[in-house]
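Per-entry structural report
One letter stands for each residue in the lines below.
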Amino acid sequence: MTRKMFDGPSIASSEITPESVWLNRRNLMKAAATGAVAGGLPALALSQPRELAQLAAKKGDCSGCQAEDDLTPYEDATTYNNFYEFGTDKGDPVEHAHEMTVDPWSVEVSGMVNKPGKLNLEDIMSGFDLEERIYRFRCVEAWSMVVPWIGFPLAELLARFEPTADAKYVAFKTLYRRGEMRGTRSFTSVIDWPYREGLRMDEAMHPLTLMTVGLYGKTLPNQSLDKLRLVYRSKYCFTSIKSIVSVELTDRQPRTSWQELAPQEYGFYSNVNPEVDHPRWSQRYERRLPSSLFKPNRIATQKFNGYGEQVAGLYTGMDLAKYY
Ligand SMILES: Nc1nc2c(c(=O)[nH]1)N[C@H]1C(S)=C(S)[C@@H](COP(=O)(O)O)O[C@H]1N2
Ligand SMILES: [Mo]
């Protein structure tokens, strides 16, 4: 089943950057600058990094945690990124995201809550045992990567602000600081900043929905998400917004940045669904990074990213081709 073709400007053509282009960039980056990259990577509290795969596989909630998939090398997961605040090319984030000040970081929770307010990231994470907070799963789009994320269920954060019974949706907004984000100043910028995303309340409270603060035992390198990133495990990776500073509980379905840009291509729900093609490409397969022209590493995409058993109930009776 194919949705209607999008006939506007091809805003997301960076999604399909030719491999040769990004491979070159990637090698350039490698050679150029462990400086910029490594400089932005304070190793957080994993004092003695253990075998990551082992750590990542041991989570209690591991049913369907994709522990059988090999981890994507750190290099690949952090050099092929989308973070339009820093440009639309996959190589822009690793090159420019270090220009963003990420310390201190706080998030404001407002709207339909009994206790609105602001929390510092340090306060959110105090008392955290990071080794107990590793979740391994795929981030899927046309490509995919398997990452050991560090995070915590979003529900834990929301509970501290006491959502009221009226709250039906959660609206997320990211940091928008023009001076530090060259992509927002660029004439090619197509997004109405700040970048936005939304969840229905039951999705937000689901234990598989995470706020992440790091990956591979490190606080998030800027290009991947510093400082708070939402990850809903059964949805496409583009819903996982990076650098959240505002969370609003509301009774109205929020508009997401991608929905605004291209409503025929991106819907509010965005669950991983190989049965529904993207208007410009099939969604049956994903290219697992590292992937190249000669070794595309093509893998069949799983409905709900393999979490159907856990989340399908949230969408009972909904036509997922219509509510994509
Ligand atoms: N703030 C912000 N978050 C964002 C984006 C963005 O442009 N800005 N891009 C999204 C898209 S389109 C994708 S595919 C993923 C990419 O995540 P990755 O760079 O870790 O692969 O981040 C998402 N989160
Ligand atoms: Mo994306």
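First, a word on what this report is: a plain description of the structure on this page.

**Focus: the site of ligand 1**
Surveying the vicinity of ligand 1 reveals 17 residues, the closest of which are N81, Y84, E85, R229 and K242. Within the side chain of N81, one N or O atom sits 2.8 Å away from an oxygen atom of ligand 1. Note that an oxygen atom of ligand 1 is positioned 2.7 Å from one of the side-chain N or O atoms of K242. Considering ligand 1 on its own, with 530 Å² of exposed area, one finds that the protein chains cover 100% of that surface. Class assignment for the residues of the shell around ligand 1 results in 9 nonpolar, 4 polar and 4 charged.

**What to know about the state of the cysteines**
Counted under the stated rule, the structure contains 1 disulfide. The disulfide bridge from C139 ends at C237, spanning 2.0 Å between sulfur atoms. Sign of the S-S torsion, about 80 degrees for the bond between C139 and C237, identifies this disulfide as right-handed. With C139 in strand 3 (residues 134-140) and C237 in the loop between strand 9 (229-232) and strand 10 (244-250), this residue pair connects regions lying 98 residues apart in the sequence. Pair check on accessibility: C139 and C237 agree, each one buried.

**Observations concerning the pairing of strand 3**
Strand 3 sits mainly inside the fold: 7 of its 7 residues count as buried. Bridge analysis of strand 3 against strand 4 (residues 143-153) gives 7 bridges, and the strand direction is antiparallel. Within the sheet, the bridge partner assigned to I134 lies in strand 4 and is I150. Here strand 3 folds back onto strand 4 in antiparallel fashion, the turn holding 2 residues.

**Examining the sheet that holds strand 10**
As summarised here, the arrangement of the 5 strands in space is 2-1-10-5-6, forming an open sheet in which the pairing is mixed. Each having just a single partner strand, strand 2 (117-120) and strand 6 (196-200) make up the two edges of the open sheet. Taking each pair of neighbouring strands and ignoring which way they run, the sheet shows an average axis angle of 20 degrees. Bridge count between strand 1 (residues 106-111) and strand 10: 4 bridges; the pairing is parallel. Residue pairing across strands places G111 opposite L249, the latter belonging to strand 10.

Cut-off values and rules
Numbers given to residues run from 1 along each chain, matching the order in which its sequence is written. To read the labels, note that chains go from A and ligands from 1, taken in the order they are written. Since the coordinates come from a predicted model, pLDDT governs what is reported: local features require at least 70, and pairs of side-chain atoms require 80 or more to be given and counted, while whole-chain, interface and lining totals use all residues. Heavy atoms throughout the structure, all of them, feed into the side-chain values; hydrogens and water do not. The near set for a molecule or strand comprises every residue that places at least one heavy atom within 4 Å of it. Polar contacts, as counted here, are pairs of nitrogen or oxygen atoms within 3.5 Å of one another; within protein the pair requires one atom able to donate a hydrogen and one able to accept it, and residues that are adjacent in sequence qualify only if both atoms are side-chain atoms. Exposure was quantified through the Shrake-Rupley algorithm and a 1.4 Å probe, taking into account, for residues, occlusion by the shown protein chains and nothing else. In the scheme used here, Gly and all other residues not listed as nonpolar or charged are polar, with Ala, Val, Leu, Ile, Met, Phe, Trp, Tyr, Cys and Pro taken as nonpolar and Asp, Glu, Lys and Arg as charged. Disulfides are defined in this document as cysteine sulfur pairs within 2.5 Å. Elements are defined by DSSP. Helices are runs of H or I of four residues or more, strands are runs of E of two residues or more, and each kind is numbered from the N terminus. Working definition: with a 1.4 Å probe on protein chains only, accessible area under 20% of the residue-type maximum means buried, over 50% means exposed, and in between means partly exposed. Whether two strands pair depends on DSSP finding at least two bridges between them. Between N-to-C directions, angles cover 0 to 180 degrees, with each direction set by a line fitted to C-alpha atoms, over the stretch in contact for helices.

Function-wise, these values are silent; they only describe arrangement.
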